[in-house]
Amino acid sequence: MCRTLQLPVQCKPKRNKKSKRLYITMQKEEKQLESSLADITAKVADIKNALASFLYKLENEFATLNWPTMLDNFALISSNMNSLSRVLRGDRIPALRNFTLFPVLLSPDTDQELAKLTEGRLFMCNHEVVPDYLRTKPETEVEDKINQLHTKANSITSDNAQKQLNNLNKITSNILDIINSYREEWDNDSKQKTQQPQTSSQSETNTLIAAISMGKGLRLQSQMPQQSQQPSPGMQQQSQKPMPVGKMQSSVKTTIRAGSAGHPYPRP
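Owing to the predicted nature of the structure, the values given are computational and were not obtained by experimental measurement.

Rules behind the numbers
- Residues numbered from 1 in each chain as written.
- Predicted model: local features only at pLDDT ≥ 70, side-chain atom pairs only at ≥ 80, totals over all residues.
- Heavy atoms only, no water.
- Helix = DSSP H or I, 4+ residues; strand = E, 2+ residues; numbered from the N terminus.
- Buried < 20%, exposed > 50% of the residue type's maximum accessible area, 1.4 Å probe, protein only.
- Contact = heavy atoms within 4.5 Å.
- Areas by Shrake-Rupley, 256 points an atom, 1.4 Å probe, with all protein chains shown as cover.
- 1 Å grid on protein atoms, 1.4 Å probe; cavity = no way out; pocket = protein on both sides within 12 Å on 5 of 7 lines; lining within 4 Å.
- Points joined across faces, edges and corners; volume = space filled by probe spheres on them.
- Nonpolar A, V, L, I, M, F, W, Y, C, P; charged D, E, K, R; others polar.
- Phe/Tyr/Trp six-rings, centres within 6.5 Å; stacked < 30°, edge-to-face > 60°.
- Salt bridge = Lys/Arg side-chain N within 4 Å of Asp/Glu carboxyl O.
- Polar contact = N/O pair within 3.5 Å; in protein donor to acceptor, adjacent residues only side chain to side chain.
- Core = buried A, V, L, I, M, F, W, Y, C linked by side-chain atoms within 4.5 Å.
- Patch = residues over 30% accessible without salt bridge, like charges linked within 9 Å, V, L, I, M, F, W, Y side chains within 5 Å.
- Lys, Arg positive; Asp, Glu negative; His and termini not counted.
- Charge placed at Lys NZ, Arg CZ, Asp CG, Glu CD.
- pLDDT = per-residue confidence, 0-100.

Asker: I would appreciate a short explanation of the overall build of the protein chain in the present structure.
Answerer: Within the protein chain, the secondary structure is distributed over 8 helices and 0 strands. Along the chain direction, N to C, the helices and strands of the protein chain fall in the order α-α-α-α-α-α-α-α. Here the protein chain holds 268 residues, and the buried ones make up 9% of them. Counting contacts in the protein chain only where the partners sit at least 6 residues apart, residues at least 24 apart contribute 45% of the total. Carbon and sulfur atoms make up 56% of the accessible area of the protein chain, which amounts to about 26000 Å² in all.

Below you can see the structure in the form of structure tokens.
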């Protein structure tokens, strides 16, 4: 009788320890999952904001949108995706594939809290939307196409696959060479457009300043000998004659004829 009583007494503490350990591990996993979900939600929000801003630019600023701006937006989205993948591969994130997500309540009525959480994208959680939002496998049509592609890929021999691979590598290398050549031309054109033509010379500017301020480099003009010209006697006599006051000499020569000269209209 004592042995039968001792067995449950000895086994009971072992069960308690196991349950406590299991409870502690579950609490740790729940806390770790909550913190990891907060990080994932923040990264997904960054991706959503980057996509929304890029779509806004495509719809409203397409007239002034240029290629560098497009590259900046693509780089921002790519960096956000890489940061999300790093968070998912981190040690603090538990293996999400070990967790199961299922709806607690399905209702055809409108849920305001759900609409607020999804920013107006989903208003109710019913039997129609749950298979689409909680799907872990692709749709039947997509799965059939994937299986067809797998069977087609497996039916190709190794030699044909190698030939196709070589052809693809050649085409890719040719495309890369064309892109690089055009890129060099675009870079040269952009550099020529940005470089302004030189309109001044520092050495000539310094020479001009030195000539103005100190007279450096200026040549003195040689004074020509002035020949004394003596006026002729006739000119001297004309200059000595007094000029009548109030009258000016006229350079026009006039001839005076007598009144007895032949008149074209004589008197009778």
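Asker: Is there a simple way to think about the layout of surface pockets in this case?
Answerer: Empty space among the atoms becomes apparent when a probe as large as a water molecule is rolled across them. When its volume is computed, the largest pocket comes out at roughly 910 Å³. Of all the elements, helix α1 (residues 2-60) adds the most residues to the lining of the largest pocket, at 5 residues. By residue class, the composition of the lining of the largest pocket is 16 nonpolar, 4 polar and 2 charged. Taken as a whole, the second largest pocket holds about 160 Å³ of empty space. What lines the second largest pocket is simply Trp67, Pro68, Leu71, Arg183, Trp186, Asp187 and Ser190. Mapped onto the lining of the second largest pocket, the elements with two or more residues apiece are α2 (67-88) and α6 (158-194). Top contributing element to the lining of the second largest pocket by residue count: α6, with 4 residues.

Asker: I'm lost on the packing of aromatic side chains in this one. Help?
Answerer: Two descriptors summarise a pair of aromatic rings, namely the distance from one centre to the other and the angle between the planes of the rings. Inspection of every chain in the model, using the stated rule, returns 2 aromatic pairs. With a centroid separation of 6.1 Å and an interplanar angle of 35 degrees, the aromatic rings of Tyr182 and Trp186 are classed as tilted. Within this pair, Tyr182 and its partner Trp186 are both found in helix α6, separated by 4 residues, close to a single helical turn.

Asker: I would appreciate a short explanation of the pattern of salt bridges in the present structure.
Answerer: Two side chains that carry opposite charge are able to pair once their charged atoms sit near each other. This structure, assessed with the given rule, holds 4 salt bridges. Measuring nitrogen to oxygen at the nearest pair gives 3.6 Å for the salt bridge that ties Arg121 to Glu119.

Asker: Where do I start with the side chain of Thr118 in this structure?
Answerer: Relative to the elements of secondary structure, Thr118 occurs in the loop between α3 (112-117) and α4 (130-133). A polar contact of 2.7 Å, which involves the side chain of Thr118, links it to the backbone oxygen of Leu114.

Asker: I keep staring at the nonpolar core and nothing clicks. Help me out?
Answerer: Most often, soluble globular proteins keep nonpolar side chains buried together rather than apart. By size, the foremost hydrophobic cluster in this structure holds 5 residues: Ile40, Ile47, Leu84, Val87 and Ile93. For this core, the elements supplying multiple residues, two or more each, are α1 and α2. Once residues within four sequence positions are removed from consideration, Ile93 is found in contact with Gln32, Ser36, Val87 and Leu88.

Asker: Help me understand a negative patch on the surface, please; the structure alone is not making it clear to me.
Answerer: A cluster of like negative charges, contributed by Glu184, Glu185, Asp187 and Asp189, occupies part of the molecular surface. Mapped onto the fold, Glu184 is located in helix α6. With relative accessibility at 52%, the residue Glu184 sits in the exposed group.

Asker: Looking at this structure, how should I read a nonpolar patch on the surface?
Answerer: Taken together, the side chains of Ile171, Ile175, Leu176 and Ile179 make up a nonpolar region of the molecular surface, amounting to roughly 370 Å² of accessible area. When you line up the elements, Ile171 lands in helix α6. Residue classification places Ile171 among the partly exposed positions, given a relative accessible area of 48%.

Asker: Just checking my understanding: could you explain the confidence of the model for the protein chain for this structure?
Answerer: Any residue range with low pLDDT should be treated as having predicted coordinates unsuitable for detailed reading. Per-residue confidence for the protein chain averages 76 on the pLDDT scale, and 72% of its residues sit at or above 70. Of all the helices and strands in the protein chain, helix α8 (residues 233-240) carries the lowest mean pLDDT, 50, while α2 carries the highest, 91. Note that pLDDT drops below 50 for residues 1-15; the model gives that stretch 0 contacts with residues more than four away or on any other chain.

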